[in-house]
Amino acid sequence: MSSKILIIGACGQIGTELTTKLRDLHGVNNVIASDINTRNLDLVNSGPFEIIDAKNYNAIHDCCLQNNVKTIYLMAALLSATGEKYPMEAWDLNMNSLFHVLNLAKEKVIDKIFWPSSIAVFGPTTPKINTPQYTICEPTTVYGITKQVGERWCEYYNKKYDVDVRSIRYPGIISHKAMPGGGTTDYAVEIYHEAIKSGTYECFLSEETELPMMFMQDAIKATTELMQTSSENIKVRSAYNLAAISFTPKQVFESIKKYIPDFTISYKPDFRQVIANSWPSSIDDNIARKEWDWQHDFDLDKMTREMIDNLQKLVCKVDLG
Ligand code: VAH
């Protein structure tokens with residue numbers, strides 16, 4: 001039986017598009033999508049799918065043995081805003097799911113792991129502009145703590161047990177296919193939907209809050225390129241800084257207005273403003289660019305064009321029934 005890929009958390013914002021991309025690269029039947037429920041019927045019906053709770057070691061282990069899974073993409077996690085509401089649940093899911101896949105690799109049940117880290121590993125004491133790969137990391141969110149500790153465990157398993165685990169510190173990610181859930185950067189997705197749906201948006205961050213962001217197509221490209229890089233070329237076994245664009249709510253609003261002139265915005269910062277204030281404004285990703293030729297393709301206006309074109313097509317499809 002050919003070796004398979006298992007995506008845990010395939011119904012999430014990144015998992016949804018990662019499943020499609022990996023199936024394009026490796027063949028539909030070689031990529032098993034899994035999640036804790038079958039809410040996303042399009043995805044469930046698009047190829048091999050299993051219900052797996054990322055916290056359940058035996059369920060993951062059995063799926064790997066029954067299907068000859070040799071690579072796992074662990075995409076399930078509680079993000080920054082939700083993690084502040086449910087800290088122990090965030091610790092449980094984000095950490096124990098990582099230990100399960102690291103131990104499966106240590107026991108040689110699987111060969112390779114992708115695990116997403118985040119710019120949330122940085123905190124208020126980190127240099128905010130062009131944040132370097134190696135710097136002070138004192139995260140002030142539960143989510144950020146799980147990602148910082150997770151990076152330490154990834155590097156430990158690589159050095160001690162030769163586990164081939166690879167990771168990227170994702171910035172905020174913008175896509176039109178699946179909504180994000182429970183993040184502080186979710187405003188950057190909601191704003192496009194509201195520009196088309198209602199023509200106005202109340203932003204939960206202040207207009208000058210600059211954050212590192214990336215269009216989904218770039219994030220998926222970086223993930224698959226990192227996983228296709230030969231192991232000896234990967235020197236960073238915590239997680240790579242990765243960057244594309246940084247913008248404020250005001251700048252993305254201005255970009256959208258070029259296509260939807262009547263669009264209006266108001267600002268009503270909530271608890272997520274404190275989280276956003278603790279994160280960098282921009283990221284230095286020169287190590288990823290040097291070690292595995294990373295480069296992004298989408299700037300803000302190119303992303304806005306892509307988002308609006310696709311969301312307007314979606315609205316037409318729904319209207320036409
Ligand atoms: C969040 N979208 O907002 C995630 C991401 C950098 C932010 O990790 O929590």
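Owing to the predicted nature of the structure, the values given are computational and were not obtained by experimental measurement.

For the rest of this paragraph, the subject is the packing of aromatic side chains. Counting across every chain of the model gives 13 aromatic pairs. Pairing Phe253 with Phe263 gives two aromatic rings, centres 5.3 Å apart and planes at 50 degrees, and the pair type is tilted. With Phe253 in helix α9 (residues 249-257) and Phe263 in the loop between α9 and β14 (264-267), this residue pair connects regions lying ten residues apart in the sequence. The two residues Phe253 and Phe263 agree in class, both being buried. Members of the aromatic cluster, connected to one another through ring pairs, are Phe99, Trp153, Tyr156, Tyr157 and Tyr161.

Bringing the pairing of strand β11 (residues 211-215) into the picture now. Most of β11 is tucked away, with five of its five residues classed as buried. Burial of β11 is two-sided: the residues Leu211, Met213 and Phe215 facing one way and the residues Pro212 and Met214 facing the other way are all buried. Judged from the three bridges that link them, strand β9 (residues 172-174) and β11 form a sheet pairing that is parallel. Each residue of the ladder has a partner; that of Ile174, found in β11, is Phe215. The sheet contact formed by β11 and strand β13 (residues 245-247) spans three bridges and is antiparallel. By the bridge assignment for β13, Pro212 is matched with Ser246.

With that settled, consider the sheet that holds β9. Taking strand neighbours across the sheet as the criterion, the three strands line up as β9-β11-β13 in an open arrangement whose pairing is mixed. Because the sheet does not close on itself, it has two edges, and the strands there are β9 and β13. Each neighbouring strand pair of the sheet contributes to a mean axis angle of 45 degrees, computed without reference to strand direction. Sitting on the sheet, helix α7 (residues 187-197) touches β9, β11 and β13, and the angle it makes with β9 is about 25 degrees.

Attention shifts here to the nonpolar core. In this structure, Tyr187, Tyr192 and Phe247 are the most contacted members of the largest nonpolar core, which totals 72 residues. Here this core spans two domains, and each of domain 1 (4-171 + 215-241) and domain 2 (173-213 + 245-280 + 299-320) adds at least three residues to it. Sequence-distant contacts of Tyr187, that is, excluding residues within four places in its chain, are made with Tyr201, Cys203, Phe204, Leu205, Met213, Phe247, Thr248, Pro249 and Val252. Judged by nonpolar contacts, the second largest core, of 26 residues, contains Leu6, Ile32, Ala76 and Leu102.

Rules of the game
- Along each chain, the written sequence defines residue order, and numbers are assigned to residues from 1.
- Where local features are concerned, this predicted model is filtered to residues with pLDDT of at least 70; where side-chain atom pairs are given and counted, the filter is 80 or more; whole-chain, interface and lining totals use all residues.
- The basis for every side-chain value is the complete set of heavy atoms in the structure, and neither hydrogens nor water enter the calculation.
- Pairing of aromatic side chains here covers Phe, Tyr and the six-membered ring of Trp, requires ring centres within 6.5 Å, and sorts the geometry by plane angle: under 30 degrees stacked, over 60 edge-to-face, intermediate tilted.
- Comment: elements are numbered from the N terminus, with helices defined as DSSP H or I runs of at least four residues and strands as E runs of at least two.
- Working definition: with a 1.4 Å probe on protein chains only, accessible area under 20% of the residue-type maximum means buried, over 50% means exposed, and in between means partly exposed.
- The rule for pairing is simple: two strands pair if DSSP sees at least two bridges between them.
- Axis definition: a line fitted to C-alpha atoms, over the contacting stretch in the case of helices. Angles run 0 to 180 degrees between N-to-C directions.
- Here a residue-residue contact requires only that any non-hydrogen atoms of the pair lie within 4.5 Å.
- Buried Ala, Val, Leu, Ile, Met, Phe, Trp, Tyr and Cys residues that are joined via side-chain atoms within 4.5 Å together make up what is termed a nonpolar core.
- For the domains described, the bounds stem from an automatic or database domain assignment.

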